[in-house]
Amino acid sequence: MRAEWEEQSCVQLTWPHAHTDWAPMLDDITAVYEQMAREISKREDLLIVASSETTLPVPCSRLLTFTSNDTWARDHGFITVEEADGQLVLLDFQFNGWGEKFAAQLDNQINRHLYDAHLVEGRYESHLDFVLEGGSIESDGRGTVFTTACCLLAPHRNQPLSRQEIEQRLKLWLGAERIVWLEHGSLLGDDTDGHIDTLVRICPDDTLLYTGGDSDHPDLLPMEQELQALRTLDGRPYRLLRLPLPRPIYDEGDRLPATYANYLVVNGAVLVPTYSQPDLDAEALHIVSQAFPNREVVGIDCRAVIRQHGSLHCCTMQYYKR
C-alpha cells in the first residue's frame, strides 16, 4: 500500500447534494468543498463524483455523474496498492456506513463506475465481501500499516473473523510486512469506531503526527504511551510530533470529533483542517510543517464538515501515478 505523500494523479471529492445529510447546511458545506477543490486543482487533477442535479461551482479534470448516499470518499473510494512490476491495483472494499450505522448501497457502486469510465488508473480487484474503510488504515509505503483495534474489531464489520484472520488478509491484500494495532485512542463524538486518520498519521522519515489528549479524552494518553514504545521495522523509535486537540466544538449539545490529524497530503502541499481557533490552528499548521518541511501547508476551515462528524481527509481520496 502506497504512502499518501507519493506522487498523485488526482484526488477524488464526492460532492454534497440535497439528498444527503448535508441538506440543512448545503450552502455551508459546498463552500468548504469549493475551497478544497480549488486547492487540489492548483496541484493535480481533480476527480468529482456529483449527482446530475448538482451544478458544480468549480471546474474539474474528471467527472462522474452519479448520485451517492453521502460524500465520504475516504471510506468508499479505492485503496491503491502497487505490485512489484509497478502496476497499480485498485482495491474495492465494502463500505457499510461504519458498521451499518448509515446507508451506503449507492456509495458501494461508485468505484466500479469510476473504473468502467476510465477515470482512475489501475487494475480493478473486488473485495466487496470484506468491510474496510480508507480512514481506518495508514501506510508508510514500506511495509508497515497502522490501524486501531477498536475500529477493525468493531461489531457489524467482519465478524466472525478473528483479529489474526483480519491481519492475514490485510497483509496479503495491502502488501504489508506488519500491521500495527493501536489498542487505545478515541475521540468524543466519533462515529467511525476510532479511525486511525483522526488519531495518528504516518509521515516521511519515520515520523508520526498524533492527536494529543486532554481530561475529556483519557484514552489518548495510553495511545501516546503506545507510540513512545513503538519501533520501526529496523528497531528505531519513531519521531513523534504531538498535535493539539481543538477546544470543544458542539452542535445542538453534541460534542463533535474535531481533530487536526485529519489532513490531506497532495502534490506539493498539505491541506490541514482548521476550526476558527487562531492559536491552536496556527500551532497545528506549524507542527504539520515540521513533518512536511518541503510542502506548502494550507489551512481549510472545516467547521462545517465537523458538523457531520468528519473532516478534510474523510472527504477525499487520492489516486497515484504509476
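Description of the structure in this document.

Cut-offs and rules
- Residues numbered from 1 in each chain as written.
- Predicted model: local features only at pLDDT ≥ 70, side-chain atom pairs only at ≥ 80, totals over all residues.
- Heavy atoms only, no water.
- Pairing = 2+ DSSP bridges.
- Helix = DSSP H or I, 4+ residues; strand = E, 2+ residues; numbered from the N terminus.
- Axes fitted to C-alpha atoms, helices over the stretch in contact; angles between N-to-C directions.
- Contact = heavy atoms within 4.5 Å.
- Buried < 20%, exposed > 50% of the residue type's maximum accessible area, 1.4 Å probe, protein only.
- Phe/Tyr/Trp six-rings, centres within 6.5 Å; stacked < 30°, edge-to-face > 60°.
- Right-handed = clockwise from strand over helix to strand, strands pointing away.

What follows covers the sheet that holds strand 16 (residues 269-274). Whenever strands of a sheet pair, they do so through backbone hydrogen bonds, lying parallel or antiparallel. Spatially, 15-16-17 is the arrangement adopted by the three strands of the open sheet, whose pairing is mixed. The open sheet is flanked by strand 15 (264-266) and strand 17 (296-301), the only strands paired with a single partner. Looking at each pair of strands side by side, their axes are set apart by 25 degrees on average, direction ignored. For strand 15 and strand 16, the ladder comprises three bridges, and the chain directions are antiparallel. What sits directly across from Val266, in strand 16, is Ala269. Against the sheet, helix 1 (residues 26-41) makes contact with strand 15, strand 16 and strand 17, and its axis sits at roughly 165 degrees relative to strand 17, the strand it touches most. Strands strand 16 and strand 17 of the sheet are contacted by helix 8 (residues 278-291), whose axis makes an angle of about 150 degrees with strand 17.

Below, the discussion takes up unusual backbone geometry. As a rule of thumb, non-glycine residues mostly have phi less than zero, and peptide bonds are mostly trans rather than cis. Pro160 follows Gln159 through a cis peptide bond whose omega is 10 degrees. Secondary-structure assignment places Pro160 in the loop between helix 5 (149-152) and helix 6 (163-174). Residues other than glycine seldom take positive phi values, yet Asp205 does so here, at roughly 60 degrees. Tracing the backbone through its elements, the reader meets Asp205 in the loop between strand 10 (200-203) and strand 11 (207-211). Even without glycine at this site, His309 takes up a positive phi of about 70 degrees.

A few words now on the environment of Pro57. Looking at the secondary structure, you find Pro57 in the loop between strand 2 (45-50) and strand 3 (62-65). Accessibility expressed as a relative area gives 33% for Pro57, which makes it partly exposed. Note: C-alpha distance between Pro57 and Asn262 (205 residues apart in sequence) is 24 Å.

This part takes up the packing of aromatic side chains. What the rule picks out here adds up to 14 aromatic pairs. Between Phe95 and Trp98, the aromatic rings sit 5.3 Å apart at their centres with planes inclined by 75 degrees, giving edge-to-face as the arrangement. Of the residues examined, Phe95 reaches a relative accessible area of 3% and is grouped as buried. Residue Trp98 is classed as buried on the basis of its relative accessible area of 6%.

Relative to strand 12 (residues 239-243), strand 11 runs parallel, the two being bridged by five bridges. Paired with Thr211 across the two strands is Leu243, which belongs to strand 12. With respect to chirality, the unit in which strand 11 leads through helix 7 (residues 220-229) into the neighbouring parallel strand 12 is right-handed.

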